[in-house]
Amino acid sequence: MAEEAHSQVIDQVVQEALDKSGLTGRDLSAVAVTIGPGLSLCLRVGVQKARRVAGSFNLPIISVHHMEAHALVARLIEKELQFPFMALLISGGHNLLVLAHDLGQYTQLGTTIDDAIGEAFDKTAKWLGLDMRKSGGPAVEQIAQEGDAESVRFSIPMKQHKDCNFSFAGLKTQVRLAIASKNIEAKVPISCASSQDRSSRADIAASFQRVAVLHLEERCERAIEWALKIEPSIKHLVVSGGVASNQYVRARLDRVVKKYSLQLVCPPPKLCTDNGVMIAWTGIENFRVGRYDPPPPANDPEDFMYDLRPRWPLGEEYAEGRSEARSLRRARVHPSLTSLVQASLQQQ
């Protein structure tokens, strides 16, 4: 279904972007496209379209790592943001703490061992019967403002693990049990709930948000300490991805970075959620340093094997950061972007 949805609109979306900018394909310098990580069926739709455009106008093509794009788009907004810097990438599918040494060169300080924070926000919103039209994160954030964040004593995940990895599966279970104990019916939308029922839902939302973000804060503090040991000159923490739009998340993380005399950089909300601008910007960054492939043929053969990387780590894992609790699947993981960039630099 996702592949079909992509296929149905991609021509129109690309044409609309060109029309709004007052450009045609002949005015372009190159084409950038995400090749991973993500669902391979959807990645293929984008890569095929990118190759058709690049082939038609004889343009170089730039393969982009989706998570690198989330980190780098901050450099479009914040001109002061120089390498090295730290990035926390938080979305529905990803939780990643990285140290960006240079373009294409990252050390992974922490990742999620099960669910990402955005997934936990979405499930909590669904179970609480919140309005999901804008997605779960904004719905939880809004109702949480009415609740008492200390009312439900959820435990902070992974307190015993002294690393920078994340886990939200256990917190989701705690939320589900708390909802069951209050007899909250998700089928009854919050707009129809009694005032007492609404108050219970708000308390659970506020308590969940407080603990989920405390978990982020703890991991970020340790990651900053590790990063300063590796690269003492870092001055910024970039927070990007869909969950970075949450104002409570931003305010709490701002307090954390101030402790270390760092500056928090958050792209505006429209550049935090997945967007085309971040892919184009990452393309520009790579194009400037000569990292691109020659123009593809106007038409790829039927049996052409596209370079798609559904499971593609951004950086090499920091030795101290290897978690005992990892449940990450290791099957068919593509070599990290960092290892590929370093290998090509050595060849040069």
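If you check an unreviewed UniProt entry, the chain appears there as Glycoprotease 1 from Theobroma cacao. In UniProt, the chain has this text filed under Catalytic activity (unreviewed entry): "L-threonylcarbamoyladenylate + adenosine(37) in tRNA = N(6)-L-threonylcarbamoyladenosine(37) in tRNA + AMP + H(+)". The UniProt entry for the chain carries the following text under Subunit (unreviewed entry): "Homodimer."

A.B. asks: Lay out the overall build of the chain in plain terms, naming residues and giving numbers.
C.D. replies: Scanning the chain from terminus to terminus reveals 11 helices and eight strands. At 21 Å, the chain has a C-alpha radius of gyration in line with the 20 Å of a compact globule built from 348 residues. Principal-axis analysis of the C-alpha atoms places the extent of the chain at approximately 65 × 45 × 40 Å. Sequence separation of 24 or more characterises 74% of the internal contacts of the chain that already satisfy a separation of 6 or more. Positive and negative side-chain charges of the chain, numbering 41 and 40 respectively, have mean locations separated by a distance of 3 Å.

A.B. asks: Explain the state of the cysteines to me, using residue names and the numbers behind them.
C.D. replies: Under the criterion given, the structure shown has zero disulfides. The closest cysteine sulfur to the non-disulfide-bonded Cys 266 is located on Cys 272, 6.3 Å from its own sulfur. Residue classification places Cys 266 among the buried residues on the basis of a relative accessible area of 18%.

A.B. asks: Account for the sheet that holds strand E7 (residues 263-265), with residues named and values stated.
C.D. replies: Ordered in space as E7-E6-E3-E4-E5-E8, the six strands form an open sheet in which the pairing is mixed. With partners counted over all chains shown, the strands left at the sheet margins are E7 and strand E8 (316-317), one partner each. The pairing of strand E4 (residues 95-102) with strand E5 (residues 105-111) spans six bridges and is antiparallel. Considered in E5, the bridge of Ala 100 is made with Tyr 106. Lying on the sheet, helix H3 (residues 66-77) is in contact with strand E3 (85-90), E4, E5, strand E6 (236-240) and E7; it crosses E3 at an angle near 125 degrees. Each of E3, E6 and E7 is contacted by helix H8 (residues 247-259), which is oriented at about 150 degrees to E7, the strand it contacts most.

A.B. asks: I'd like a description of the domain arrangement of the chain, backed by residues and values.
C.D. replies: Considered domain by domain, the chain is made up of domain 1 (2-69 + 275-316) and domain 2 (82-271). Of note, the centres of domain 1 and domain 2, computed from C-alpha atoms alone, are 30 Å apart. The partner domain 2 presents 11 residues to the 12 residues of domain 1 that form the contact. Both sides together, the interface formed by domain 1 and domain 2 hides about 1,100 Å², and carbon and sulfur atoms give 61% of it. Looking only at domain 1, the three residues that lose the most surface to domain 2 are Met 67, Glu 68 and Leu 314, adding up to 45% of its buried area. Linking domain 1 with domain 2 are zero salt bridges, by the criterion used here. Remark: the boundary between domain 1 and domain 2 carries six residue pairs in polar contact (both at pLDDT 80 or more).

Each value, and the rule that gives it
- Residues numbered from 1 in each chain as written.
- Predicted model: local features only at pLDDT ≥ 70, side-chain atom pairs only at ≥ 80, totals over all residues.
- Heavy atoms only, no water.
- UniProt positions renumbered as here; feature names shortened; annotations may be inferred.
- Helix = DSSP H or I, 4+ residues; strand = E, 2+ residues; numbered from the N terminus.
- Rg over C-alpha atoms; globule rule 2.2 N^0.38 Å.
- Contact = heavy atoms within 4.5 Å.
- Lys, Arg positive; Asp, Glu negative; His and termini not counted.
- Charge placed at Lys NZ, Arg CZ, Asp CG, Glu CD.
- Disulfide = S-S within 2.5 Å.
- Buried < 20%, exposed > 50% of the residue type's maximum accessible area, 1.4 Å probe, protein only.
- Pairing = 2+ DSSP bridges.
- Axes fitted to C-alpha atoms, helices over the stretch in contact; angles between N-to-C directions.
- Domains from an automatic or database assignment.
- Buried area = accessible area lost by both parts, 1.4 Å probe.
- Salt bridge = Lys/Arg side-chain N within 4 Å of Asp/Glu carboxyl O.
- Polar contact = N/O pair within 3.5 Å; in protein donor to acceptor, adjacent residues only side chain to side chain.

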